[in-house]
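Spelled out from the first residue to the last, the chains are:
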Amino acid sequence: MSGLFITIEGIECVGKSTNTKFISNYLNKRGIRTHQTREPGGTLLAEKIRNILLFQEKETITPLSELFLLFIARDANIQQVIKPALQQGKWVICDRFTDASFAYQGYGRELGFETVNTFKQIVHANLDPDITFLLDAPVTVIKNRRKLNANDRFESESDDFFNRVRNGYLEIADRFSERVKVIDASKPIQDVQTQIVKYLKELVKNSGN
Ligand code: TMP
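Here we summarise the structure given alongside this text.

Rules used throughout
- Residues numbered from 1 in each chain as written.
- Predicted model: local features only at pLDDT ≥ 70, side-chain atom pairs only at ≥ 80, totals over all residues.
- Heavy atoms only, no water.
- Near = heavy atom within 4 Å.
- Polar contact = N/O pair within 3.5 Å; in protein donor to acceptor, adjacent residues only side chain to side chain.
- Areas by Shrake-Rupley, 256 points an atom, 1.4 Å probe, with all protein chains shown as cover.
- 1 Å grid on protein atoms, 1.4 Å probe; cavity = no way out; pocket = protein on both sides within 12 Å on 5 of 7 lines; lining within 4 Å.
- Sits in = over half its atoms within 2 Å of the grid points.
- Helix = DSSP H or I, 4+ residues; strand = E, 2+ residues; numbered from the N terminus.
- Nonpolar A, V, L, I, M, F, W, Y, C, P; charged D, E, K, R; others polar.
- Core = buried A, V, L, I, M, F, W, Y, C linked by side-chain atoms within 4.5 Å.
- Buried < 20%, exposed > 50% of the residue type's maximum accessible area, 1.4 Å probe, protein only.
- Contact = heavy atoms within 4.5 Å.
- Pairing = 2+ DSSP bridges.
- Axes fitted to C-alpha atoms, helices over the stretch in contact; angles between N-to-C directions.

Another aspect to go through is the site of the ligand. Within the structure, the ligand sits among 14 residues, and Glu12, Arg50, Ser101, Gln105 and Phe154 are positioned closest to it. In this structure, lysine 16 approaches the ligand through a side-chain N or O atom, which is 3.4 Å from an oxygen atom. Contact between the ligand and glutamine 105: a nitrogen atom at 2.8 Å from a side-chain N or O atom of the residue. Bound to the protein, the ligand loses 91% of the 480 Å² it would expose on its own. Because more than half of its atoms lie within 2 Å of the grid, the ligand is assigned to the largest pocket. For the shell around the ligand, the leading source of residues is helix H4 (residues 98–108), giving 4 residues. For the shell around the ligand, the per-class residue count stands at 6 nonpolar, 2 polar and 6 charged.

Written out as structure tokens, the structure reads:
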């Protein structure tokens, strides 16, 4: 028996955390056991790497080092958390996964799709999310929310960087259109959740729960 693997993606301040909790609650209420995790993070090692990635100040981290660190953290989370939970029949809800590496490192840091895909093939060739919710909103719409929160290495990046990341996400959504569902996150929260529930209902129905 295997659970489903759900990922939530999007640029900063589009409401990922709120909607990750919302999805988890929605499924729990329907008797589905879930496990919530996040990336980078999810294990002790991965959370330490998260701190380095977000708050390293004294030494520059190159885009390639960033990518290595993210995939070390991801490997730990996959092996210790994601795969075991799926094998126990739990549905795993992950706040960011490899699509974030495509968008941020591939497009934002301009390492390119293929470089990120090489890492993906080494670390998890046979594991992909069953469904990905891409919470999408123009950078201008979330600019003010971002400014209030800007206190880590990513949040303090320029609008140009976030425009590359957003466009990268949309290209990923096109490339993997079966899996990635684009949700208009510029709408009020109730509308966003109505869009999400439409897909969740389908998933629950097809899973026989
Ligand atoms: P967040 O999960 O709190 O949004 O913060 C994580 C930060 O890490 C966010 O700015 C995006 C960045 N990140 C990447 O650049 N690449 C990745 O693969 C992941 C998972 C996150």
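Here the focus is the nonpolar core. Counting 44 residues, the largest nonpolar core has Ile6, Ile11, Ile23, Leu27, Tyr104 and Phe133 as its most contacted members. A per-element tally of this core places helix H8 (residues 189–207) first, with 6 residues. Residues in contact with isoleucine 11, not counting those within four places in the same chain, are Arg96, Tyr104, Leu135, Ala137, Val139, Ile142, Phe162, Val165, Arg166 and Tyr169. Membership of the second largest hydrophobic core comes to 18 residues, among which are Phe102, Tyr107, Phe119 and Val123.

Next up on the list: the sheet that holds strand E4 (residues 131–136). The sheet built from 5 strands is open, its strands ordered E2-E3-E1-E4-E5 with parallel pairing. Looking at strand neighbours, the two that pair on one side only are strand E2 (34–38) and strand E5 (180–184), the edges of this open sheet. Adjacent strand axes in the sheet meet at a mean angle of 20°, parallel and antiparallel pairs treated alike. Bridge count between E2 and strand E3 (residues 91–95): 5 bridges; the pairing is parallel. The residue bridging glutamine 36 from the neighbouring strand is isoleucine 93, located in E3. Each of strand E1 (5–9), E2, E3 and E4 is contacted by helix H1 (residues 16–29), which is oriented at about 170° to E3, the strand it contacts most.

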